[in-house]
Amino acid sequence: MRILITNDDGIESPGIRWLARTVAHAGYDVVVAAPLSESSGASASMTAVVQDGRIVSEPRELTGGRNIPAYGVAASPAYIVLLALREAFGPVPDLVVSGINRGANAGAAVVHSGTVGACLTAAHAGLHGLAVSLDVLTPAAASAASGGAAIAALDELDDEQHHWISGAELAVRLLPALLHTPAGTVFNLNVPDLHMDGIRGLRQAHLARFGQVQMSIAEAGDGYVRTAVQAAEETLEEGSDLAALAENFAVVTPIRAPHEDTDVRVNVESVRLHAPPI
């Protein structure tokens, strides 16, 4: 099985390196293609840097993964998935794994996640997807520039100390279960930043109604708006992904790409297509 591994933290992030090596070690055929620069909060956007009509793509070598083909691409994660589906990085992948994201992607905030957006793009094409995130950040580390996403400027030494291997190992263990679900299913996996021995277990949970942080308008003036972010104040919902993470459980939530809501009927006859004569 051929697996495309991408992310939204960029090709140089430690999370994607640990993920690629672990998935390849499990016997899968792995190719890595990830943004050249940070693309957090990109959702499923279709953006790219084009030079002379060409999207910039550079071969890269992953530390400890010399035999894994890897590319840094000047495009958003979802765009990279579309390129992979058109054989830009070799044969079309059978499955997309995205991550390991620096920070949880939980609750309603998944709609903004480039990590999740890459998998939803794959799902729309009928592929399975696995989005993997490590809960390394606190809401206090959120950035107004990122629209309230919990992103911190961590130096490389600190970044390497996180338990990326825990997220990578759990991702590999979930792959067989994912492959037994209907085509187009995405698993959203969030893992505590703990050694495997410290993780209390794996739970399935629903998305919380809110994310880890909330954004508010701190000031609005002539020609500018200043935002502020703070920890979400809502009580954690029992059975939600955020509640499970708070109790040091890894948590998986099956999600699907947007589709028609067949429960809603629109009274189209009541809508006028043409204005009445004056």
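For every chain, the first residue of the written sequence is number 1, and numbering continues from 1 along that sequence. In keeping with the predicted nature of the model, local features appear solely for residues at pLDDT of at least 70, side-chain atom pairs appear and are counted solely at 80 or more, and the whole-chain, interface and lining totals rest on all residues. Note that the side-chain values use all heavy atoms of the structure and ignore hydrogens as well as water.

(A) Local environment of the overall build of the protein. Only DSSP runs of H or I reaching four residues or more are called helices, and only runs of E reaching two or more are called strands; each is numbered from the N terminus. Helix and strand counts for the protein stand at 6 helices and 13 strands. Buried, partly exposed and exposed residues are distinguished by accessible area as a fraction of the type maximum, computed with a 1.4 Å probe on protein chains only: under 20%, between the cut-offs, and over 50%, respectively. Expressed as a percentage of the 278 residues in the protein, the buried residues total 46%. A separation of at least 24 residues holds for 76% of the contacts in the protein among residues at least 6 apart in sequence. Total accessible area computed for the protein in this model is approximately 14,300 Å², and 52% of it derives from carbon and sulfur atoms. We call two residues contacting when some pair of their heavy atoms lies within 4.5 Å. Surface exposure here means Shrake-Rupley accessible area, sampled with a 1.4 Å probe, where a residue is shielded only by the protein chains that are shown.

(B) Representation of helix H3 (residues 114-124). Burial runs high along H3: 9 of the 11 residues are buried. Every buried residue of H3 is accounted for by Gly-114, Thr-115, Val-116, Gly-117, Ala-118, Cys-119, Thr-121, Ala-122 and Ala-123. Where the residues of H3 are buried, they touch strand E1 (2-6), helix H2 (77-85), strand E7 (95-102), strand E8 (128-135), strand E9 (185-192) and strand E13 (250-256). The opening residue of H3 is Ser-113, an N-cap whose side-chain oxygen sits 3.1 Å from the backbone nitrogen of Thr-115. The term polar contact refers here to a pair of N or O atoms within 3.5 Å; inside protein, the definition further demands a hydrogen-donor-capable atom paired with an acceptor-capable atom, and it admits residues adjacent in sequence only when both atoms are side-chain atoms.

(C) Geometry of the pattern of salt bridges. In the sections that follow, a salt bridge refers to a side-chain nitrogen of Lys or Arg positioned within 4 Å of a carboxyl oxygen of Asp or Glu. All chains considered together, the criterion is met by 7 salt bridges. Of the charged contacts, one joins Arg-173 and Glu-169 as a salt bridge, the two residues approaching to 3.6 Å between their closest N and O atoms. Taken together, the positions of Arg-173 and Glu-169, both in helix H5 (residues 164-179) and 4 residues apart, correspond to about one turn of that helix. Overall, the relative accessible area of 55% leaves Arg-173 in the exposed class.

(D) Structural view of the side chain of Asn-190. Among the structural elements, Asn-190 can be located in strand E9. For Asn-190, a relative accessible area of 1% gives the class buried. A distance of 2.8 Å separates a polar atom in the side chain of Asn-190 from the backbone oxygen of Asn-105. Not counting residues up to four positions away in its chain, the partners in contact with Asn-190 are Ala-104, Asn-105, Ala-106, Ser-133, Leu-245, Ala-250 and Val-251.

(E) Fine view of unusual backbone geometry. Going from Gly-99 to Ile-100, the amide bond is cis rather than trans, its omega being -5°. Locating Ile-100 in the fold gives a position in strand E7. Of note in this structure, Glu-87 is not a glycine but carries a positive phi near 65°. Among the structural elements, Glu-87 can be located in the loop between H2 and E7. Backbone geometry at Asn-248 places phi at a positive 65°, although glycine is not the residue there. Relative to the assigned elements, Asn-248 resides in the loop between helix H6 (241-246) and E13. On the basis of relative accessible area, Asn-248 is assigned to the partly exposed category, the value being 34%.

(F) Representation of the packing of helix H1 (residues 14-25) against H5. The convention used is that axes are lines fitted to C-alpha atoms, helices contributing only their stretch in contact, and that angles between N-to-C directions extend from 0 to 180 degrees. Where H1 meets H5, the closest approach of the two axes is 9 Å, and the angle between their N-to-C directions is 40°. As the angle between them shows, H1 and H5 are arranged oblique. In the packing of H1 onto H5, the handedness of the crossing is right-handed. In this structure, H1 contributes Pro-14, Gly-15, Trp-18, Leu-19, Thr-22 and Val-23 to the contact, and H5 contributes Trp-164, Ile-165, Ala-168, Glu-169, Ala-171 and Val-172. Taken together, the residues of the contact of H1 with H5 sort by class into 9 nonpolar, 2 polar and 1 charged. Orientation categories follow fixed angle ranges, with anything under 35 degrees roughly parallel, anything over 145 roughly antiparallel, 65 to 115 roughly perpendicular, and all other angles oblique. Helix crossings get a hand from a simple test, with the near helix turned counterclockwise from the far one by less than a right angle marking a left-handed crossing and a clockwise turn marking a right-handed one. Three residue categories are used. Nonpolar comprises Ala, Val, Leu, Ile, Met, Phe, Trp, Tyr, Cys and Pro, charged comprises Asp, Glu, Lys and Arg, and polar comprises the others, including Gly.

(G) How the structure looks around the nonpolar core. Ile-5, Leu-19, Val-32, Val-97, Leu-130 and Leu-189 are the most contacted members of the largest nonpolar core, which has 34 residues in total. For this core, the leading source of residues is H5, giving 8 residues. Beyond its immediate stretch of four places on either side in the chain, Ile-5 contacts Ile-16, Leu-19, Ala-20, Val-23, Val-30, Val-31, Val-32, Ala-33, Val-97 and Gly-99. Throughout this description, the term nonpolar core refers to a set of buried Ala, Val, Leu, Ile, Met, Phe, Trp, Tyr and Cys residues connected via side-chain atoms within 4.5 Å. In this structure, Leu-4, Val-31, Ile-80 and Ala-122 belong to the second largest nonpolar core, which totals 15 residues.

(H) Up close: the packing of aromatic side chains. Two rings from Phe, Tyr or Trp (for Trp, the six-membered ring) form a pair when their centres sit within 6.5 Å of each other. Planes less than 30 degrees apart are called stacked, planes more than 60 degrees apart edge-to-face, and all others tilted. The tally for this structure, following the rule as stated, stands at 1 aromatic pair. Judged by centre distance (5.3 Å) and plane angle (35°), the rings of Tyr-71 and Phe-89 are tilted. Pair noted here: Tyr-71 is in strand E6 (residues 65-73) and Phe-89 is in the loop between H2 and E7, with a separation of 18 residues, a long-range link. Overall, Tyr-71 belongs to the partly exposed group, its relative accessible area being 23%.

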